[in-house]
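Chains, contacts and geometry: an overview
Listed below are the residues making up each chain.
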Amino acid sequence: MTTLLLIRHATTAATGQRLGGRTEASLDEKGRGQAEAMAERLAGVPLKAIYSSPLARTMETAKYVAAPHGLDVQPVDGLLEVEYGRWTDRPLRSLVKTRLWPVIQARPSLVRFPDGETIREAQVRAVDALEELVARHRRATIAAVTHADVIKAVVAFYLGQPLDLFQRLVISPASVTIMSLGPGAQPALLRFNDDGPLTRERFGRPRKPSRRSRERKARPRG
């Protein structure tokens with residue numbers, strides 16, 4: 001099994017204010033602090049490789065995370081932000097007033113962003129990219145730095161959750177979501193939207209109880 005850390009980039013000046021999309025915004029001062037703190041949290045995790053969406057904010061975040069491990073960040077196009085088309089970099093305040101916005105919140109699987117892509121298309125390309133990385137790093141721990149909607153769509157896919165429910169998931173800046181993945185194996189969500197301290201012991205798959213333990217629990221008492 002491969003342990004995959006899905007990391008959302010830290011903040012930019014536009015985070016929470018504009019639909020950034022595929023803009024080349026850099027991390028702001030707060031974001032650099034978040035990225036430094038996350039790098040410290042992940043310093044003890046045995047990362048073997050780190051991949052990133054090629055955009056500036058994700059690459060910057062990834063370089064902070066990679067530094068304690070002496071790793072180079074490898075860009076992967078499949079991890080790019082959703083192509084929001086004509087909505088790219090527009091203020092969220094104006095977008096919430098459009099007719100399309102309620103549909104995106106309730107039935108995102110039906111929506112194509114104006115001159116852009118659909119959430120389903122983004123989900124497929126991101127999952128395909130991650131499957132290639134997992135196959136490349138079997139029984140290793142790797143990280144992929146990407147974007148909130150991409151992480152939400154990926155998690156929904158591996159949990160078998162309908163894409164129309166993915167807006168119920170929340171991914172915070174500089175958070176870590178951890179999955180255990182392997183060819184033909186049952187996916188496992190180990191941690192979700194975690195921005196607290198991480199150690200190697202805290203993200204292992206839960207051990208199955210031994211036969212002796214199961215028999216002991218099954219014995220009648222009294």
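Scroll up a little and you will see the structure.
Right, let's walk through the structure included here. Bear in mind the structure is a predicted one, so any value in this text is a computation, not a measurement. (Residues numbered from 1 in each chain as written. Predicted model: local features only at pLDDT ≥ 70, side-chain atom pairs only at ≥ 80, totals over all residues. Heavy atoms only, no water.)

1. Focus: the nonpolar core
Our working rule: Side-chain atoms within 4.5 Å are what join buried Ala, Val, Leu, Ile, Met, Phe, Trp, Tyr and Cys residues into a set we call a nonpolar core. Summary of the burial criterion: residues with accessible area below 20% of their type's maximum are buried, those above 50% are exposed, and those between are partly exposed, where the area comes from a 1.4 Å probe applied to protein chains only. Put simply, DSSP H or I for four residues or longer makes a helix, DSSP E for two residues or longer makes a strand, and each gets a number counted from the N terminus.
Counting residues in hydrophobic clusters, the biggest one holds 24 residues, and the most contacted among them are L4, L6, L130 and V154. Taken together, the elements giving at least two residues each to this core come down to β1 (2-8), β3 (47-52), α5 (119-136), β6 (141-146), α6 (148-159) and β7 (176-181).

2. With respect to the packing of aromatic side chains
Applied cut-off: Two aromatic rings, drawn from Phe, Tyr or Trp (for Trp, its six-membered ring), form a pair once their centres lie within 6.5 Å of each other, and the interplanar angle then sorts them: stacked below 30 degrees, edge-to-face above 60, tilted otherwise. Only Lys NZ and Arg CZ are tested; either one counts as a charge over a ring when it is within 6 Å of the ring centre and within 35 degrees of the ring normal.
Under the counting rule described, the total for this entry stands at four aromatic pairs. Centroid distance F157 to Y158: 5.1 Å. Interplanar angle 85 degrees. Geometry classified as edge-to-face. By relative accessible area, which is 11% here, Y158 ends up buried. Connected via pairs of aromatic rings, a cluster forms that spans Y84, W87, W101 and F113. Positioned above the aromatic ring of F166 is the side chain of K152, whose terminal nitrogen or guanidinium carbon lies 4.7 Å from the ring centre.

3. Some thoughts on helix α2 (residues 56-66)
So the rule is basically this: Throughout, a residue-residue contact means that at least one pair of heavy atoms, one from each residue, lies within 4.5 Å.
Along α2, eight of the 11 residues are buried, which leaves the element largely enclosed by surrounding structure. Looking at the buried residues of α2, the elements they touch are β1, α1 (29-41), β3, β4 (73-75) and β6.

4. Regarding the pattern of salt bridges
The condition that has to hold: Note on definitions: salt bridges are taken to be side-chain nitrogens of Lys or Arg within 4 Å of carboxyl oxygens of Asp or Glu.
Counted by the stated rule, this structure contains 10 salt bridges. The salt bridge involving E117 is made with R22; its shortest N-O contact spans 3.5 Å. With E117 in the loop between α4 (100-106) and α5 and R22 in the loop between β2 (18-19) and α1, the pair connects residues that are 95 residues apart, well separated along the chain. The exposure class assigned to R22 is partly exposed, which follows from its relative accessible area of 31%. Connected through salt bridges with shared partners, the residues R22, E83, E117 and R125 form a single ionic network.

5. Considering the side chain of R8
So the rule is basically this: A residue counts as positive if it is Lys or Arg and as negative if it is Asp or Glu; His and the chain ends are not included.
Structurally, the position occupied by R8 is in strand β1. Salt bridges are absent for the buried R8, whose nearest opposite-charge side chain, E81, sits at 6.8 Å. Apart from the residues within four sequence positions on either side, R8 is in contact with T15, M38, T61, T146, H147, A148, I151, I171, S172, P173, A174 and S175.

6. Thoughts on the environment of R41
Here is the rule: Counting of polar contacts relies on pairs of N or O atoms within 3.5 Å, with two restrictions inside protein: one atom must be capable of donating a hydrogen and the other of accepting it, and residues adjacent in sequence are counted only when both atoms are side-chain atoms.
Secondary-structure assignment places R41 in helix α1. The exposure class of R41 is buried, given its relative accessible area of 16%. A distance of 3.1 Å separates the side chain of R41 from the backbone oxygen of D194, its partner in a polar contact.

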